[in-house]
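These are the residues of each chain, in order.
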Amino acid sequence: MLTFITKGSLLTSLLAAGLSVSGIHRPAASLLSVTDILRQDTLQTDALASPQNTILDQYIQQAFTNNKGLKDQHFQLEKAMAALQEARSLFGPNVTFLGSYTKAAGGRTIDIPIGDMLNPVYSSLNQLTNSHQFPQVENASVLLSPDNFYDAKFRTSLPLINAEIYYNQKIKREQLTRQQASLNVYKRQLVQDIKTAYYQYYQATQAVAIYNNALALIQENIRINESMVRNGIRNNTALYRSQTEKEKTDASISKAVNEQQNAKAYFNFLLNRGLEENITLDSSLLSGIRDIPSGGIQGREELLEYKSAATTYRLNEKLQQSYLIPKLSTFLDLGSQATGMRLDDKSRYYLFGVNLEWTLFGSHKYKYRIKQAGLDIQAINNATDRATESMQLQSYQATNNYHTALRNFVTAQSQLSFAQRYYRDQLKVYKEGQLLYIELLDAQNQLTQAQLQMAVTQAAVQTAYAAMERAQASYNIDSVQ
């Protein structure tokens with residue numbers, strides 16, 4: 001089992017070894033002040049040198065692999081990556097096939113007076129040649145809509161100058177950065193949730209053990225009271241009271257077991273596995289007093305999110321201003337067009353061109369778009385300041401909560417030590433027939449409550465550290481795949 005070696009901490013073995021009837025007489029370890037605890041050097045075994053070597057870290061690794069919420073974040077990250085690749089592809093050529101066929105009748109026409117122009121000339125020529133070599137022709141009427149006409153072509157287009165594509169690519173890259181930061185934010189929150197759920201399950205398990213130990217003490221009291229009743233030392237009142245306490249303790253055990261099962265189900269839910277799967281408990285995780293991280297909030301991915309968002313809004317402002325830059329592109333058409341389905345040398349063609357688009361006036365719509373973009377920048381800067389202050393407050397409160405949890409832990413140690421000695425002395429006097437059972441029962445209840453408080457404060461110290469770890473983003477999530 002992984003262990004921490006500290007100068008003045010009580011291990012969870014206090015509950016395993018110090019709760020039994022025979023173990024209550026053990027003297028409590030010397031207590032340290034909170035300042036001593038915060039200043040003491042914590043020695044770790046070589047096994048703990050690796051940040052992913054503890055049982056809890058292995059559970060976190062499972063959650064990073066299986067948690068459905070985290071998978072959703074990965075999907076969003078992959079989507080942002082695809083959007084960036086799409087933005088990059090807009091710089092390349094685009095080849096499309098275009099085809100059309102038209103069948104028309106009626107509509108506008110162009111009248112060509114060919115007969116009016118040629119027939120007099122042809123008549124004169126026939127007279128001069130005394131022949132009919134030049135026939136009369138009719139006036140022509142040409143339909144404007146193409147009839148039985150097809151046009152099929154391959155069009156290749158390529159942007160040469162387009163500021164919108166340039167800024168769009170940069171915006172997509174920032175969105176990818178922001179999504180990666182969002183993924184890490186989710187990971188850090190998941191780490192805190194898993195640690196908190198683990199310690200809650202540990203605390204619930206300890207509560208079950210404590211109540212079972214209290215039940216063993218009550219059963220011992222029942223045995224003693226029955227012996228005293230048989231020997232005429234006591235009446236049945238103490239026996240009835242001890243049996244009543246047994247029923248109350250049975251109910252407390254049922255409640256503690258229910259809380260333990262619920263804590264187990266929630267922990268397994270975070271790991272996306274069966275709710276009834278067993279959880280391996282490592283007592284060393286509650287025994288170490290770790291130093292307070294000194295990094296502040298500089299490592300918070302939320303700050304990177306806001307920074308990326310601010311960059312995105314600034315790029316969007318430049319995008320709106322880019323309407324002043326002309327757009328230049330080129331195209332090449334290779335195709336065939338003719339009447340009917342004819343395909344020959346005369347139907348095939350190519351067409352090359354250059355397109356220029358330059359917006360000179362847009363009825364002030366671009367002016368207002370630029371103004372909106374500028375207001376977005378101001379809003380995100382203000383939101384960044386508020387978020388920074390909020391995270392600083394969160395870190396400050398988390399640190400204070402950790403100090404308070406340590407102080408409560410020291411107090412719980414002292415209370416447990418006194419409760420153990422008090423119960424031992426009261427039990428000795430009661431066996432000698434010099435103490436009322438109600439006084440012994442009070443000492444027993446004090447011992448049970450002190451044991452429960454010890455379990456609560458042990459878990460509270462680690463939970464407070466996990467919250468402080470989250471507030472300062474000090475857990476190394478990169479080492480977990």
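Counting of residues starts from 1 at the beginning of each chain's written sequence and follows it residue by residue. Predicted model: local features are reported for residues with pLDDT of at least 70 only, side-chain atom pairs are reported and counted for 80 or more only, and whole-chain, interface and lining totals are derived from all residues. Think of the side-chain values as coming from all heavy atoms in the structure, minus any hydrogens and water.

A few points about the overall build of the chain
Within the chain, the regular secondary structure consists of ten helices and eight strands. Residues classed as buried in the chain amount to 40% of the 481 residues present. Across the chain, contacts joining residues at least 24 apart in sequence account for 85% of those joining residues at least 6 apart. As presented, the chain carries roughly 27200 Å² of accessible surface, and 53% of it is formed by carbon and sulfur atoms. Counting from the N terminus, the helices are DSSP H or I runs at least four residues long and the strands are E runs at least two residues long. Note on exposure labels: buried denotes an accessible area under 20% of the residue type's maximum, exposed denotes more than 50%, and partly exposed covers the range between, all computed with a 1.4 Å probe on protein chains only. Any two residues whose heavy atoms approach within 4.5 Å at even a single point are treated as in contact. Shrake-Rupley sampling with a 1.4 Å probe provides the accessible areas, and residues are treated as covered by the protein chains on show and by no other component.

Some points on the sheet that holds strand 7 (residues 327-339)
Here four strands make up an open sheet; going across it, the order is 3-6-7-8 and the pairing antiparallel. Every interior strand has two partners, whereas the edge strands, strand 3 (94-102) and strand 8 (348-357), have only one. In this sheet, adjacent strand axes meet at a mean angle of 20° when their direction is disregarded. Taken together, the twelve bridges between strand 6 (residues 149-161) and strand 7 define a ladder with antiparallel strand orientation. Across the sheet, the residue bridging to Tyr150 is Ala338, located in strand 7. For two strands to be treated as a pair, DSSP must find no fewer than two bridges joining them. Convention adopted: a line fitted to C-alpha atoms gives each axis, helices being fitted over their contacting stretch, and angles between N-to-C directions are expressed from 0 to 180 degrees.

A closer look at the packing of helix 6 (residues 163-230) against helix 7 (residues 236-270)
How two helices sit against one another is set out by the angle between their axes and by the gap between those axes. With their axes 8 Å apart at the nearest point, helix 6 and helix 7 run at an angle of 165° to one another. The angle between helix 6 and helix 7 places the two elements in the roughly antiparallel class. When you trace helix 6 past helix 7, the crossing you get is left-handed. Three categories are distinguished: nonpolar for Ala, Val, Leu, Ile, Met, Phe, Trp, Tyr, Cys and Pro, charged for Asp, Glu, Lys and Arg, and polar for the others, with Gly belonging to the last. Counted by class, the contact of helix 6 with helix 7 contains 23 nonpolar, eleven polar and seven charged residues. Roughly parallel here means an angle under 35 degrees, roughly antiparallel means over 145, roughly perpendicular means 65 to 115, and every remaining angle is called oblique. Handedness of a crossing is defined here by the sense of rotation of the near helix relative to the far one, left-handed for an anticlockwise turn of less than a right angle and right-handed for a clockwise turn.

A few points about the packing of aromatic side chains
Here is the rule: rings of Phe, Tyr and Trp (six-membered ring for Trp) pair when centre to centre is within 6.5 Å. Planes less than 30 degrees apart are stacked, more than 60 are edge-to-face, and the remainder are tilted. Tallied over the entire structure, the rule returns ten aromatic pairs. Their ring planes at 45° and their centres at 6.2 Å tell us that Tyr59 and Tyr198 sit as a pair that is tilted. Here the residue Tyr59 occupies a position in helix 3 (residues 55-66), and Tyr198 occupies one in helix 6, the gap between them amounting to 139 residues. Note on accessibility: Tyr59 and Tyr198 belong to one class, buried. Consider the rings of Tyr198 and Phe267, whose centres lie 5.7 Å apart with planes at 55°: the pair is tilted. Linking Tyr198 in helix 6 with Phe267 in helix 7, this pair joins segments that are 69 residues apart in sequence. Each member of the pair, Tyr198 as well as Phe267, carries the same accessibility label: buried. Among the aromatic residues, those joined into a cluster by ring pairs are Tyr59, Tyr198, Tyr199 and Phe267. Counted as over-ring charges are cases with an Arg CZ or a Lys NZ within 6 Å of the ring centre that also lie within 35 degrees of the ring normal. It is Arg155 that lies over the ring of Phe331; its NZ or CZ is 4.7 Å from the centre. Positioned above the aromatic ring of Phe64 is the side chain of Lys187, whose terminal nitrogen or guanidinium carbon lies 5.3 Å from the ring centre.

Topic: the environment of Asn212
With respect to the helices, strands and loops of the structure, Asn212 is situated in helix 6. Exposure remark for Asn212: the relative accessible area of 37% places this residue in the partly exposed category. Along the sequence, Asn212 and Asp250 sit 38 residues apart, while their C-alpha atoms lie 8.5 Å from each other.

Structural notes on the environment of Leu324
Counting through the fold element by element, Leu324 comes out in the loop between helix 8 (301-321) and strand 7. Exposure remark for Leu324: the relative accessible area of 53% places this residue in the exposed category. Sequence-wise, Leu324 and Leu360 are 36 residues apart; in three dimensions their C-alpha atoms are separated by 7.3 Å.

Remarks on the pattern of salt bridges
One side-chain nitrogen of Lys or Arg within 4 Å of one carboxyl oxygen of Asp or Glu is enough to make a salt bridge. With the rule as written, the count across this model stands at 15 salt bridges. Note that Lys246 and Asp250 form a salt bridge whose closest N and O atoms lie 3.3 Å from each other. Note that Lys246 and Asp250 are positioned in helix 7 at a spacing of four residues, about one turn of the helix. Between Asp345 and Arg348 there is a salt bridge whose closest N-O contact spans 2.3 Å. Classification of Asp345 by relative accessible area gives exposed; the value is 64%. Taking relative accessible area as the criterion, Arg348 reaches 47% and is therefore assigned partly exposed. Several salt bridges converge on common partners, so that one network encompasses Lys153, Arg155 and Asp333.

Focus on the confidence of the model for the chain
The predicted structure's coordinates, where accompanied by low pLDDT, should not be read in detail. Known as pLDDT, the predictor's per-residue confidence is scaled from 0 to 100. Per-residue confidence for the chain gives a mean pLDDT of 83; residues scoring 70 or more make up 87%. Low pLDDT, under 50, characterises residues 1-52; the stretch is placed with 106 contacts to residues that sit more than four places away or in other chains.

Looking at a nonpolar patch on the surface
A patch consists of residues exposed above 30% relative accessible area that lack any salt bridge, with like charges linked at up to 9 Å and nonpolar side chains (Val, Leu, Ile, Met, Phe, Trp, Tyr) linked at up to 5 Å. Residues Val95, Phe97, Phe154, Leu332, Leu334, Tyr350, Phe352 and Val354 make up a contiguous nonpolar surface patch of about 870 Å² in total accessible area. Broken down by secondary-structure element, the contributors of at least two residues to the nonpolar patch are strand 3, strand 7 and strand 8. The element best represented in the nonpolar patch is strand 8, accounting for three residues. Tracing the backbone shows Phe97 in strand 3. Owing to a relative accessible area of 53%, Phe97 belongs among the exposed residues under this scheme.

Quick notes on helix 8
Take the residue count of a helix, subtract one, and multiply by 1.5 Å to get its expected span. Spanning 21 residues, helix 8 covers 30 Å between terminal C-alpha atoms, matching the ideal 30 Å at 1.5 Å per step. When helix 8 is considered as a whole, its buried residues turn out to be Glu301, Glu302, Glu305, Ser308, Ala309, Ala310, Thr312, Leu315, Leu319 and Gln320. Those residues of helix 8 that are buried are in contact with helix 6, helix 9 (365-431) and helix 10 (437-472).

A short note on the side chain of Lys195
Turning to its location among the elements, Lys195 is positioned in helix 6. Not counting chain neighbours up to four residues away, the residues in contact with Lys195 comprise Leu56, Ile60, Ala466, Glu469 and Tyr475.

A few points about the packing of helix 6 against helix 9
Closest axis-to-axis distance for the helix 6/helix 9 pair is 12 Å, and the angle between their directions is 15°. The angle between helix 6 and helix 9 falls in the class roughly parallel. Where helix 6 crosses over helix 9, the handedness of that crossing is left-handed. Of the residues in helix 9, those in contact with Leu217, Asn221, Ile224, Asn225 and Met228 of helix 6 are Tyr423, Leu427, Tyr430 and Lys431. In terms of residue class, the contact of helix 6 with helix 9 is built from six nonpolar, two polar and one charged.

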